[in-house]
Amino acid sequence: FCLMAAPGKVAAFRLPPLPTIGEIIKLFRLKALKQLSQNFLLDLRLTDKIVKQAGELKNAHVCEVGPGPGGITRSILSAGVEQLLLIEKDARFIPGLQMLSEAAPGKVRIVHGDILTYKMEKAFPKHLKKNWEDEPPDIHIIGNLPFSVSTPLIIKWLENVSKRDGPFIYGRTQMTLTFQKEVGERLTANPGSNQRSRLSIMAQHLCTVENCFVIPGQAFVPKPEVDVAVVHLTPLVQPKIQQPFELVEKLVQSVFQFRRKYCFRGIETLFPEKGRLKRTEQLMMTADVDPTLRPFQLSMSQFRNLCNVYRKMCDEDPSLFVFNYREELRQKRKTRSLLGSTGQPEQTEEENQL
């Protein structure tokens, strides 16, 4: 590698001449696997644009998730990072990434592993830690995520944000990630939008979420059936709903179970059959939420009120939080079948939806 600098300026890092990403794919006979929902991004102008959304990366520490053949990896290295941690599950990509590592001595660390189980708590030097109230640390997570892993991964990371552990043990670590366009729209959807969902509430109550730009599907190899959104997330100093992650997730998930019905229908599933109606009314009245609103019409402050009141109800009756509506339905079906109630329909509409 060569370090070139004008007099009085900090030397800029330049990668030496390397095979193109297309040539790397041919050289190592790499093929995107449909079952892993892999899609390669070969246009370095687009990978540069993704990396630019992360902000200033000069001397930063970066974790790239699923680098594949290394397109985004090159753009990250060209941004002048201090250290780059690559986490790649697919062993076929490791030789090509090692080639990049050799071209940037001392800068790249490759981990052959699964990001869903990798322990991020020890991924970066301790001296980078910042207090939660401070500016975000000089640590970034960047990734062109396979569609199959993107939603479970962002939910896992949002839980880490809530608990300030995992990659957020260092402070408010920023994330720049790709999602299916529809998922990107859900992450940023406002009240009243048809895309408003559980993901909208869980992401926006914990992070500032910015839908940066959309990459057309034809830019990827092989071309996916959908376009791809680049989303930037920065954890908030104070979450908008100050309740445990599991409680918020349970309530939000319940509300959106019947997204086309009035919101009280989903709220009902938080309570056992005995006293269900009374408790649902109590929750909605105390939280001052109109029961005839649809789930996607509820504002963040209305979700906050619902969570706060539900928390009080759970504190008064701890059995409430462990109540499982689906399990109650299963038991009812089991009882029906034991009694041989053949005259009744096998499943209600709600049971089918669930």
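What comes next concerns the included structure. (Residues numbered from 1 in each chain as written. Predicted model: local features only at pLDDT ≥ 70, side-chain atom pairs only at ≥ 80, totals over all residues. Heavy atoms only, no water.)

## Observations concerning the overall build of the protein
Looking only at helices and strands, the protein features 14 helices and 11 strands. Out of the 354 residues in the protein, the part that is buried amounts to 49%. Taking all contacts inside the protein whose residues are at least 6 apart in sequence as the whole, residues at least 24 apart take part in 68%. Entry remark: accessible area of the protein is about 17,700 Å², with carbon and sulfur atoms responsible for 51%. (Helix = DSSP H or I, 4+ residues; strand = E, 2+ residues; numbered from the N terminus. Buried < 20%, exposed > 50% of the residue type's maximum accessible area, 1.4 Å probe, protein only. Contact = heavy atoms within 4.5 Å. Areas by Shrake-Rupley, 256 points an atom, 1.4 Å probe, with all protein chains shown as cover.)

## Observations concerning the sheet that holds strand β6 (residues 108–112)
The strands making up a sheet associate through hydrogen bonds between their backbones, and the pairing can be parallel or antiparallel. As summarised here, the arrangement of the seven strands in space is β6-β5-β4-β7-β8-β11-β9, forming an open sheet in which the pairing is mixed. Two strands bound the open sheet, and with one partner strand each, they are β6 and β9 (207–215). Taken pair by pair, the neighbouring strands of this sheet meet at an average axis angle of 20 degrees, ignoring direction. Two strands pair when backbone bridges link them, and strand β8 (residues 174–180) and strand β11 (residues 228–235) are joined in this way by six bridges, in the antiparallel orientation. Within the sheet, the bridge partner assigned to Thr178 lies in β11 and is Val230. The strands touched by helix α4 (residues 94–103) within the sheet are β5 (83–88) and β6, with β6 carrying the most contacts at an inclination of about 165 degrees. (Pairing = 2+ DSSP bridges. Axes fitted to C-alpha atoms, helices over the stretch in contact; angles between N-to-C directions.)

## Quick look at the pairing of strand β7 (residues 139–143)
Within β7, five of the five residues are buried, which leaves it mostly tucked inside the rest of the structure. The alternating pattern of β7 places Ile139, Ile141 and Gly143 and His140 and Ile142 on opposite faces, both of which are buried. In this structure, strand β4 (residues 61–65) lies alongside β7, joined through five bridges in parallel fashion. Each bridged residue has a counterpart across the sheet, and for Val62 the counterpart in β7 is His140. Relative to β8, β7 runs parallel, the two sharing four bridges. Its bridge partner being in β8, Gly143 is matched across the sheet by Leu177. Of the crossover connections in this fold, the one passing from β7 over helix α5 (residues 147–163) to the parallel β8 is right-handed. (Right-handed = clockwise from strand over helix to strand, strands pointing away.)

## Overview of the environment of Pro272
Among the structural elements, Pro272 can be located in the loop between α9 (263–268) and α10 (276–287). For the pair Pro272 and Ser319, spaced 47 residues apart in the sequence, the C-alpha separation amounts to 9.8 Å. If sequence neighbours within four positions are ignored, Pro272 has contacts with Arg279, Leu320, Phe323 and Glu328.

## Brief notes about the packing of α5 against helix α8 (residues 245–255)
Two measures define how a pair of helices packs: the angle their axes make with one another and the distance between the axes. Where α5 meets α8, the axes come as close as 10 Å, and the angle between the chain directions of the two elements is 135 degrees. Considered as vectors, α5 and α8 are oriented oblique to each other. Contacts between α5 and α8 involve Ile155, Leu158, Glu159, Ser162 and Lys163 from the former and Phe245, Glu246 and Glu249 from the latter. Of the residues contributing to the contact of α5 with α8, the split by class is three nonpolar, one polar and four charged. (Parallel < 35°, antiparallel > 145°, perpendicular 65-115°, else oblique. Nonpolar A, V, L, I, M, F, W, Y, C, P; charged D, E, K, R; others polar.)

## Topic: the pattern of salt bridges
Counted under the stated rule, the structure contains 13 salt bridges. Between Glu268 and Arg265 there is a salt bridge; the shortest N-O distance is 3.1 Å. Highlighted residues: Glu268 and Arg265, both in helix α9, separated by three residues, approximately one helical turn. Arg265 gets classed as buried once you look at its relative accessible area, which sits at 13%. As a salt-bridge pair, Asp315 and Arg311 come within 3.3 Å of each other at their nearest N and O atoms. Linking Asp315 with Arg311, this pair stays in helix α11 (residues 300–316), spanning four residues, or about one helical turn. Owing to a relative accessible area of 30%, Arg311 belongs among the partly exposed residues under this scheme. What you see here is one network of salt bridges that share partners, running through Glu159, Lys163 and Glu246. (Salt bridge = Lys/Arg side-chain N within 4 Å of Asp/Glu carboxyl O.)

## Quick look at the packing of α10 against α11
Relative orientation of the contacting elements α10 and α11 amounts to 130 degrees, with a least axis distance of 9 Å. Taken as axis vectors, α10 and α11 run oblique relative to one another. Crossing angle aside, the handedness with which α10 passes α11 is right-handed. Between α10 and α11, the residues in contact are Arg279, Gln282, Leu283, Thr286 and Ala287 and Asn305, Leu306, Val309, Tyr310 and Met313, respectively. Within the contact of α10 with α11, the residues separate by chemical class into six nonpolar, three polar and one charged. (Left-handed = near helix turned anticlockwise from the far one by under 90°.)

That's the geometry; what it means functionally is another story.
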